[in-house]
Amino acid sequence: RQVARWAELARAAKEAGELPTAVTYHKEKKEMARELSLVAVAAARATPGAPPPATREEEYRHRREVHFRGSIGEQQLEVAVVRARGLAPAKGMAAVDSHVLVSLALPDLRGAAPQQWRTRKVANCASPEYKEVFRFELDRSKRSLARYAHKKKLSFEVLHARLLRAALPLGRCEMTLEELVSRAEVRRQLPLLQGRRDTGAVLDVRLRLCYPLAEKHIEHEVERIVRVTGFPAPLHAPAPTPAPAPAAQQQEERQQEERQQEERQQEAHAHAQAAAGRAGTPPPQAPAPTQAQAKADAKAQPKAEAKVQQAVDYDAVQRLVSNDVLEWALEEAQREAAAARGRGQGVPEELATRVQQLEAALQVLVIQVQTGALDEDAYVARVQAAIAEERALAQALLTTDRRQAQRALLRAKLMAKELEGE
């Protein structure tokens, strides 16, 4: 509600030409939206029983200009007759069938005066609801209008309507236009008089101008809002990162064995060279590869390079630093797990491990924000660096692995949208 309210205030300030005020409201709206998103993330990932975030109430004072530009013309005076209350029947009448005659003691744009307007009749009601609006013409080009507004009158006469006979007066009231010099809207409850006698009835009316006759109409409003000041420390430590999957362990062990075997071969070759030097014979040379072997090696080299690229995990959880990208990756992994279960198969161990790693990474990110270990500027800088890295990766993989290039571009797009939302 506060975010929508501040967006409305920013829009109103911009339309009124108060750009610094509009910018201030817009910045505060973005800060409120950020606080709201952090509260939503914390609520989604909170430990059961965790206390709510700390908040404080602030008193905010708004300064706004009241005007009706765009809805009322500059040369118009809008008069609304809202209701009458406590009307007494006219002499010899059992009920009240009333309407209101409104007269403005000013000429219209063609010079005709006075201007008059009559509301509809409300039958058999002592407190009728008229709720009718009429717009009189007002020549604002005359400078004397504001100067003599205290002498210009608007009169209201409540009459009992009779068919084919003269209406009977039920009460009369009037007001000057003086308040419209500095106000764009005036609301009044006017007592109805019969001659000089107060009838006890009142008439509710409202006057509006596009803008006041001479001065700006400024109102000050006080509003209490709630701001988030911090998050409580987590009740439990973050879940430890799960151990690597058995397949990854086996791959690492194979690579280690290959490295050890290569070291042993190099050591044996060095010993052979040393022994040949002591005997005065040339060291043994590796046999030259045949033409067929050379062709086979040249053909296998691109495949080996592709295998090396495939061995790199571009979707590794450790590379994902954005909240939105982590949530996207988690949803993707959970869908794959649900699909495996739907086929009657067990969830692969690697997939289950990835789901756990993504959940743990999201929880750690939330805790870092809650405890202040990661502020907004540092997070934005981290995400911006990740965007640049993903785009460079997509460019590098465009010819060798189109699927991974598309995924890198998707991650960059998600992070860019997240920063735009901030």
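The coordinates are above.
This is a predicted model, so every value here is computed, not measured.

### Some points on the nonpolar core
Then step 1. In terms of nonpolar packing, the biggest core is built from 37 residues, with L77, L87, V102, Y130, L154, F156 and L203 touching the most fellow members.
Then step 2. Breaking this core down by element, the ones donating at least two residues are β2 (76-85), β3 (98-104), β5 (129-137), β6 (153-162), β7 (165-176), β8 (185-194) and β9 (197-209).
Then step 3. Ranked by the residues each element gives to this core, the list is headed by β9, at 5 residues.
Then step 4. Discounting residues that sit within four places of it in the chain, V102 has contacts with V79, V81, Q115, Q116, W117, F136, L154, S155 and F156.
Then step 5. Listed in part, the 22 residues of the second largest apolar core include L326, L374, V383 and I387.

### Structural notes on the pattern of salt bridges
Then step 1. Applying the stated rule across the entire model yields 22 salt bridges.
Then step 2. Notably, a salt bridge pairs E132 with R120, separated by 3.4 Å at the nearest N-O pair. Taken together, the positions of E132 in strand β5 and R120 in the loop between β4 (115-118) and β5 put the pair 12 residues apart, joining distant regions of the chain.
Then step 3. A residue is classified by how much of its surface remains accessible, and E132, at 19% relative accessible area, is buried.
Then step 4. Two residues, E390 and R319, come together in a salt bridge whose shortest N-O distance is 3.4 Å. Here E390 is found in helix α8 (residues 376-397), whereas its partner R319 is found in the loop between α5 (291-311) and α6 (323-342), with 71 residues between them in sequence.

### Topic: the packing of aromatic side chains
Then step 1. What the rule picks out here adds up to 3 aromatic pairs.
Then step 2. Seen from their ring centres, W6 and Y25 are 6.1 Å apart, and the 85 degrees between their planes marks the pair as edge-to-face. In this pair, W6 sits in helix α1 (residues 2-15) while Y25 sits in helix α2 (residues 19-45), placing the two residues 19 residues apart along the sequence.
Then step 3. Classification of Y25 as buried rests on a relative accessible area of 7%.
Then step 4. Relative to F136, the ring of F134 has its centre 4.9 Å away and its plane inclined at 75 degrees; by these criteria the two rings are edge-to-face.
Then step 5. Look at F134 and you get partly exposed, because its relative accessible area is 29%.
Then step 6. You can call F136 buried: its relative accessible area is 0%.
Then step 7. The aromatic ring of Y211 is capped on one face by R140, whose charged end is 4.2 Å from the ring centroid.

Thresholds applied
Residues numbered from 1 in each chain as written. Predicted model: local features only at pLDDT ≥ 70, side-chain atom pairs only at ≥ 80, totals over all residues. Heavy atoms only, no water. Core = buried A, V, L, I, M, F, W, Y, C linked by side-chain atoms within 4.5 Å. Buried < 20%, exposed > 50% of the residue type's maximum accessible area, 1.4 Å probe, protein only. Helix = DSSP H or I, 4+ residues; strand = E, 2+ residues; numbered from the N terminus. Contact = heavy atoms within 4.5 Å. Salt bridge = Lys/Arg side-chain N within 4 Å of Asp/Glu carboxyl O. Phe/Tyr/Trp six-rings, centres within 6.5 Å; stacked < 30°, edge-to-face > 60°. Lys NZ or Arg CZ within 6 Å of the ring centre and 35° of its normal.

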